[in-house]
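Summary of structural features
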Amino acid sequence: MIKERRKHLRVKKQLPLKIADKSFDVITETVDISPSGIYCRITRLLPVMSKIEVIMLVPVKDNGRHTKKIKAMGVVVRSEPVILEDTDRAHYNVAIFFT
């Protein structure tokens, strides 16, 4: 059996997400999230070690009708291209570590 190396449990949760730096911004949603980072899919290459800003909209406890904006800084620790037959739907799987 492979031992889990992560310090924090990841939760599969789709949250609206904006990823930005000085020259671009991308709107997407999380695939999963943990206290140390997020995993998402985007349509643009982000090189590993890119420093970025992450803005998430997290639902508050009143039936999810309201959200709270949470800003964090992060660094891209993994960026994997996903090759699909339909090139209009190609994307990258990206892991971002909160800094």
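Since the model is a prediction, treat every value here as computed from it, not as a measurement.

Under the criterion given, the structure shown has four salt bridges. Taking the shortest distance from any N to any O, the salt bridge between Lys12 and Asp32 comes out at 3.9 Å. Residue Lys12 is found in strand β1 (residues 11–12), and its partner Asp32 is found in strand β3 (residues 25–34); the two are separated by 20 residues along the sequence. Residue Lys12 is classed as exposed on the basis of its relative accessible area, which comes to 68%. Its salt-bridge partner being Lys18, residue Asp25 comes within 3.4 Å of it at the nearest N-O pair. For Asp25, a relative accessible area of 46% translates into the label partly exposed. Judged by relative accessible area, Lys18 falls into the partly exposed class, the value being 28%. The structure contains a network of salt bridges with shared partners spanning Arg10, Lys12 and Asp32.

Within the fold, Ser50 resides in the loop between β4 (37–42) and β5 (51–59). For Ser50, a relative accessible area of 17% translates into the label buried. At a separation of 2.6 Å, a polar atom in the side chain of Ser50 contacts the main-chain carbonyl oxygen of Pro47. In contact with Ser50, not counting residues within four places along its chain, are Gly74, Val75 and Val76.

Further remarks concern the environment of Lys71. Topologically, Lys71 is positioned in strand β6 (residues 67–82). For the pair formed by Lys71 and Leu57, sequence separation is 14 residues and the distance between their alpha carbons is 9.0 Å.

Let us look at the environment of Ile33. Residue placement: Ile33 occurs in strand β3. Considered as a pair, Ile33 and Val11 are 22 residues apart in the sequence and their alpha carbons are 5.4 Å apart. When residues no more than four places from it in sequence are discounted, the contact partners of Ile33 are Leu9, Arg10, Val11, Lys13, Leu15, Ile38 and Met56.

Conventions and cut-offs
- Residues numbered from 1 in each chain as written.
- Predicted model: local features only at pLDDT ≥ 70, side-chain atom pairs only at ≥ 80, totals over all residues.
- Heavy atoms only, no water.
- Salt bridge = Lys/Arg side-chain N within 4 Å of Asp/Glu carboxyl O.
- Helix = DSSP H or I, 4+ residues; strand = E, 2+ residues; numbered from the N terminus.
- Buried < 20%, exposed > 50% of the residue type's maximum accessible area, 1.4 Å probe, protein only.
- Polar contact = N/O pair within 3.5 Å; in protein donor to acceptor, adjacent residues only side chain to side chain.
- Contact = heavy atoms within 4.5 Å.

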